[in-house]
Amino acid sequence: MDSLLRLVAVIGGSIVLTFIAGRLTDLLLRRADARHPETPLWNMLRRCRTAVRVLLFAVVLRGVYRQIEWRPLQDHEAAVGRILTLVLIGASAWCVVLVTSAVVESSYARYAHGTRDPSRLRRVRTQVTLIMRIVTAVVAVVAAAAMLLAFPDLRAVGTSLLASAGIIGIVAGVAAQSTLGNLFAGFQIAFGDMVRIGDTVVVAGEWGVVEEVTLTFLAVRTWDERRITMPVSYFTGRPFENWSRGGIQMTGTVFLHCDHTAPVALMREKLKDILDGCEAWDGRGWDLAVTDTTATTIVVRAIVTAKDPDDLWTARCAVREQLVCWLAEKHPYALPRVSTSAAAAPPEYEDRVSKHAPGSDA
């Protein structure tokens with residue numbers, strides 16, 4: 001009976017001590033957040049309170065569980081100690097990941113608050129995302145290795161694996177060549193500033209926005225809400241269009257096929273009127289010119305500018321729609337048509353026919 005009471009007392013005391021320490025830590029973080037409202041770090045660190053409580057409980061229980069004189073616990077003392085060690089390692093890894101995430105996100109939030117350049121924000125956001133993935137992967141691997149070392153039998157297995165590391169390394173290198181290539185390509189994208197989260201790109205004939213970047217793949221959200229997932233090695237080994245690199249201002253074109261009698265000068269004036277009433281046009285430039293001709297039509301090209309790809313798409317659609325409607329209403333003869341009447345004869349042919357006609361003086 002005394003041993004059972006001691007068990008309850010030790011576990012209960014560990015819970016109470018953990019609860020008090022957790023509340024005290026949370027109170028200190030609250031006060032630090034109130035004193036330093038310019039940084040969100042202290043408030044973000046409060047998300048670690050559950051992991052910290054688990055860690056503190058494991059530490060306290062790991063240190064005092066041998067003092068419990070309970071028969072079933074003494075019979076399995078080694079197994080209980082190993083379980084507490086595993087919990088301690090897992091909670092420590094959890095805390096490291098959460099604290100690192102809070103520090104990185106807080107640094108990014110402060111940088112974003114003081115920077116107005118969208119391209120720099122996208123670059124830093126991409127780097128921050130990949131850094132957190134790398135840290136999480138490294139911590140998980142280290143924690144898993146530490147857990148395996150807690151089992152004496154697995155230490156011998158690890159020694160034998162290290163003895164054959166040369167052969168395993170060669171086999172793994174050949175088998176994981178594609179994966180390693182994507183991994184290094186992810187580092188190149190993160191720190192080479194090739195493509196960033198939020199960039200507007202054209203890949204494989206599809207237009208979209210980069211939504212997610214990992215160490216192995218990249219996701220592009222198209223205009224119709226589809227997701228295109230590609231290995232990151234695609235962006236390091238093939239050319240692609242990045243409309244957001246070097247500034248997001250863009251120039252676009254609208255092509256119209258018109259009849260040869262189309263009033264180009266009036267179309268140029270109408271284009272200016274359309275752009276003056278279009279909010280998507282940024283006012284940097286515009287133009288309208290005949291760029292090509294065929295046997296039946298001429299090709300009229302209108303040039304418009306916009307501050308970003310989305311506004312450029314809107315401006316192009318507005319110009320195309322309003323110009324066609326204006327031509328159909330005011331100048332329908334300027335639209336392409338298929339002629340079914342007889343072609344006009346050249347003047348020389350008409351004179352020759354009239355001279356040889358019956359009853360002529362010739």
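These numbers come from a predicted model, not from an experiment.

## A closer look at the overall build of the protein chain
Part 1 of the reasoning: Helices and strands together make up the secondary structure of the protein chain, namely 13 helices and eight strands.
Part 2 of the reasoning: Among the 362 residues that make up the protein chain, the fraction classed as buried is 32%.
Part 3 of the reasoning: In the protein chain, 64% of the contacts between residues at least 6 apart in sequence involve partners at least 24 apart.
Part 4 of the reasoning: Only carbon and sulfur atoms are counted for the fraction: they give 61% of the accessible area of the protein chain, which is about 22,200 Å².

## Some points on helix 11 (residues 264–276)
Part 1 of the reasoning: Relative to the 18 Å expected for 13 residues at 1.5 Å per residue, helix 11 spans 19 Å between its end C-alpha atoms, a close match to the ideal helical length.
Part 2 of the reasoning: Every buried residue of helix 11 is accounted for by Val264, Met267, Leu271, Ile274 and Leu275. Each buried residue of helix 11 lies within a common arc of 90° when the element is viewed along its axis, so the set occupies one face. Of the exposed residues in helix 11, the ones pointing more than 90 degrees away from its buried face are Glu269 and Asp273.
Part 3 of the reasoning: Structurally, helix 11 contributes buried residues whose contacts are with strand 6 (250–258), strand 7 (286–293), strand 8 (298–306) and helix 12 (309–330).

## What to know about the pattern of salt bridges
Part 1 of the reasoning: Summed over the entire model, instances satisfying the criterion amount to nine salt bridges.
Part 2 of the reasoning: A salt bridge links glutamate 211 to arginine 227; the nearest nitrogen and oxygen atoms lie 2.7 Å apart. Of the two residues, glutamate 211 sits in strand 2 (residues 206–213) while arginine 227 sits in strand 4 (residues 227–231), which places them 16 residues apart along the sequence.
Part 3 of the reasoning: Exposure remark for arginine 227: the relative accessible area of 42% places this residue in the partly exposed category.
Part 4 of the reasoning: Each member of the salt-bridge network shares a partner with another, and the members are Glu211, Arg221, Glu225 and Arg227.

## What about the side chain of aspartate 311?
Part 1 of the reasoning: Counting through the fold element by element, aspartate 311 comes out in helix 12.
Part 2 of the reasoning: Ignoring any residue separated from it by four or fewer positions in sequence, one finds aspartate 311 in contact with Ala280 and Ala306.

## A closer look at the sheet that holds strand 4
Adjacent strands of a sheet pair through backbone hydrogen bonds, lying either parallel or antiparallel.
Part 1 of the reasoning: Ordered in space as 4-3-2-1-5, the five strands form an open sheet in which the pairing is antiparallel. The open sheet has two edge strands, strand 4 and strand 5 (241–242), and neither has a second partner.
Part 2 of the reasoning: Two elements, strand 2 and strand 3 (residues 217–222), share five bridges in a ladder whose sense is antiparallel. Across the sheet, glycine 208 pairs through a bridge with threonine 222, a residue of strand 3.

## Quick notes on the nonpolar core
Part 1 of the reasoning: Core analysis: the largest hydrophobic core is formed by 27 residues, its most contacted members being Cys258, Met267, Leu288, Val319 and Leu323.
Part 2 of the reasoning: Put simply, the parts of the chain that give this core at least two residues each are strand 6, helix 11, strand 8 and helix 12.
Part 3 of the reasoning: With residues near it in sequence (within four places) discarded, valine 319 still touches Val254, Leu271, Ile274, Leu275, Ala302 and Val304.
Part 4 of the reasoning: Ranked by size, the runner-up nonpolar core spans 14 residues in total, among them Val195, Met230, Tyr234 and Phe235.

## Focus on the pairing of strand 7
Part 1 of the reasoning: With seven bridges joining them, strand 7 and strand 8 adopt antiparallel strand pairing. In the sheet register, aspartate 287 faces strand 8, and the bridge partner there is isoleucine 303.
Part 2 of the reasoning: Connecting the antiparallel pair strand 7 and strand 8 is a turn made up of four residues.

## Quick notes on the UniProt feature "transmembrane region" (unreviewed entry) in the protein chain
Part 1 of the reasoning: Taken from the UniProt record, the annotation "transmembrane region" (unreviewed entry) applies to residues 6–29, 50–68, 83–109, 130–151 and 157–176.
Part 2 of the reasoning: Taken end to end, residues 83–109 is 100% helix and 0% strand, and its first and last C-alpha atoms sit 39 Å apart.

## Here's the deal with the packing of helix 11 against helix 12
Part 1 of the reasoning: Where helix 11 meets helix 12, the closest approach of the two axes is 10 Å, and the angle between their N-to-C directions is 135°. Relative to helix 12, helix 11 is oriented oblique. As for the relative orientation of helix 11 and helix 12, their crossing is right-handed in sense. On helix 12, the residues touching Leu266, Met267, Lys270, Leu271, Ile274 and Leu275 of helix 11 are Ala318, Val319, Gln322, Leu323, Trp326 and Leu327.
Part 2 of the reasoning: A breakdown of the residues in the contact of helix 11 with helix 12 according to their chemical character gives 10 nonpolar, one polar and one charged.

## Some remarks on the sheet that holds strand 7
Part 1 of the reasoning: A sheet is described by the order of its strands in space; here three strands give the open sequence 6-8-7, paired in antiparallel fashion. Lying at the two open borders of the sheet, with one neighbouring strand each, are strand 6 and strand 7. Strand after strand, the sheet turns through a mean of 25° between neighbouring axes, direction not considered.
Part 2 of the reasoning: Running at roughly 145° to strand 7, helix 11 makes contact with strand 6, strand 7 and strand 8 of the sheet.
Part 3 of the reasoning: Contacts from helix 12 reach strand 6, strand 7 and strand 8 within the one sheet, and its direction differs from that of strand 6 by about 20°.

## Observations concerning the environment of lysine 270
Part 1 of the reasoning: Tracing the backbone through its elements, the reader meets lysine 270 in helix 11.
Part 2 of the reasoning: Apart from residues no more than four positions distant in its own chain, lysine 270 is found in contact with Leu323 and Trp326.

## Section: the confidence of the model for the protein chain
Part 1 of the reasoning: In the predicted model, the protein chain carries a mean pLDDT of 75, and the fraction of residues at 70 or more is 70%.
Part 2 of the reasoning: Ranking the elements of the protein chain by mean pLDDT puts helix 8 (residues 165–175) last, at 45, and strand 8 first, at 93.
Part 3 of the reasoning: Between residues 161–177, whose pLDDT stays under 50, and residues either more than four places distant or in other chains, the model counts one contact.

## Quick look at the environment of threonine 291
Part 1 of the reasoning: When you line up the elements, threonine 291 lands in strand 7.
Part 2 of the reasoning: Residue class for threonine 291 comes out partly exposed when judged on its relative accessible area of 37%.
Part 3 of the reasoning: Among residues more than four places away in sequence, those in contact with threonine 291 are Phe255, Val299 and Arg301.

Thresholds, definitions, all that
Residues numbered from 1 in each chain as written. Predicted model: local features only at pLDDT ≥ 70, side-chain atom pairs only at ≥ 80, totals over all residues. Heavy atoms only, no water. Helix = DSSP H or I, 4+ residues; strand = E, 2+ residues; numbered from the N terminus. Buried < 20%, exposed > 50% of the residue type's maximum accessible area, 1.4 Å probe, protein only. Contact = heavy atoms within 4.5 Å. Areas by Shrake-Rupley, 256 points an atom, 1.4 Å probe, with all protein chains shown as cover. Expected span 1.5 Å × (residues − 1). Arc of directions from axis to C-beta. Salt bridge = Lys/Arg side-chain N within 4 Å of Asp/Glu carboxyl O. Pairing = 2+ DSSP bridges. Core = buried A, V, L, I, M, F, W, Y, C linked by side-chain atoms within 4.5 Å. UniProt positions renumbered as here; feature names shortened; annotations may be inferred. Axes fitted to C-alpha atoms, helices over the stretch in contact; angles between N-to-C directions. Parallel < 35°, antiparallel > 145°, perpendicular 65-115°, else oblique. Left-handed = near helix turned anticlockwise from the far one by under 90°. Nonpolar A, V, L, I, M, F, W, Y, C, P; charged D, E, K, R; others polar. pLDDT = per-residue confidence, 0-100.

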